[in-house]
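# Inside the fold
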Amino acid sequence: TTKLIPLLSSIINTPIKMISTNPTTALVLLSLTLLGGINGFSVVTTSSSSSALCMSDADTATATAPTSASGISMSQVRKTIATSMEDKDSFAASLTTLEPFLLKDAGATSYRKSMKRIARKAKQIGATVPVGYAKEAAATDKRRAKQNAFIATKEEEKAAAAEAAAAEAAAAV
């Protein structure tokens, strides 16, 4: 084992002082070196890619949020619900401000969360949300179409069952 330490030192280009004098550690390092190759313990430097964004590029890259059709962002909606709805008058004004976002821009999740926040805030201040408020939102089109198709199918089945019962009753007479 005393011969292994200088051998290991020469293989991995490490001074003898850096390698433990414990024979077990030296054997483990030697086996790892032989299994992993000589480059297993060497420092590898990589060159950075030319397409990476550097600090100097930060001023040239502008991070602008996409503009919505209603001109309101989701963060503004959350802020309006949290701060601007303090009494019944400001609640009604905030509802008219938020409705275009909820109808056109909100996704299904943000629509659902916003409506829950609005209902909670209304209950908190003693106001009521209008019955049809933001009901025809684009976020709920797919769900409403699916529900309407289901209802139409059920009504057709009910009408067909009624016709079959009437035909059966007429045949029995």
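Residues numbered from 1 in each chain as written. Predicted model: local features only at pLDDT ≥ 70, side-chain atom pairs only at ≥ 80, totals over all residues. Heavy atoms only, no water.

With that out of the way, let us pick up a positive patch on the surface. A cluster of basic side chains, namely R78, R112, K113 and K116, defines a positive patch on the protein surface. At 3 residues, helix 5 (residues 108–125) tops the list of elements feeding residues into the positive patch. In this structure, R112 sits in helix 5. (Patch = residues over 30% accessible without salt bridge, like charges linked within 9 Å, V, L, I, M, F, W, Y side chains within 5 Å. Areas by Shrake-Rupley, 256 points an atom, 1.4 Å probe, with all protein chains shown as cover. Salt bridge = Lys/Arg side-chain N within 4 Å of Asp/Glu carboxyl O. Lys, Arg positive; Asp, Glu negative; His and termini not counted. Charge placed at Lys NZ, Arg CZ, Asp CG, Glu CD. Helix = DSSP H or I, 4+ residues; strand = E, 2+ residues; numbered from the N terminus.)

Averaged over every residue, the pLDDT of the chain is 76; residues scoring 70 or more account for 60%. Confidence over residues 54–64 falls short of pLDDT 50; this stretch has 2 contacts with residues more than four positions distant or in other chains. (pLDDT = per-residue confidence, 0-100. Contact = heavy atoms within 4.5 Å.)

Let's shift gears to the nonpolar core. In terms of nonpolar packing, the biggest core is built from 19 residues, with L102, I118 and Y133 touching the most fellow members. Elements that contribute at least two residues to this core include exactly helix 3 (74–84), helix 4 (88–105) and helix 5. Here the element with the most residues in this core is helix 4; it accounts for 5 residues. (Core = buried A, V, L, I, M, F, W, Y, C linked by side-chain atoms within 4.5 Å. Buried < 20%, exposed > 50% of the residue type's maximum accessible area, 1.4 Å probe, protein only.)

All right, on to the pattern of salt bridges then. For the coordinates displayed, the defined rule picks out 3 salt bridges. With a closest N to O distance of 2.7 Å, E136 and R144 form a salt bridge. Notably, a salt bridge pairs K154 with E157, separated by 3.7 Å at the nearest N-O pair. With a gap of 3 residues between them, K154 and E157 both fall in helix 6 (residues 141–172), about one helical turn apart. Beyond isolated ion pairs, a larger network of salt bridges with shared partners links E136, D141 and R144.

Turning next to the environment of M85. Structurally, M85 is set in the loop between helix 3 and helix 4. In this structure the C-alpha to C-alpha distance between M85 and Q124, which are 39 residues apart in sequence, comes to 10.0 Å. Beyond its immediate chain neighbours, meaning those up to four positions away, M85 contacts T80, S90, F91, S94, L95, L98, I118, K121 and I125.

Okay, unusual backbone geometry next. With a phi angle near 50°, A134 is a residue other than glycine that sits in the positive phi range. With respect to the helices, strands and loops of the structure, A134 is situated in the loop between helix 5 and helix 6. Under the relative-accessibility criterion, A134 is labelled buried at 1%.

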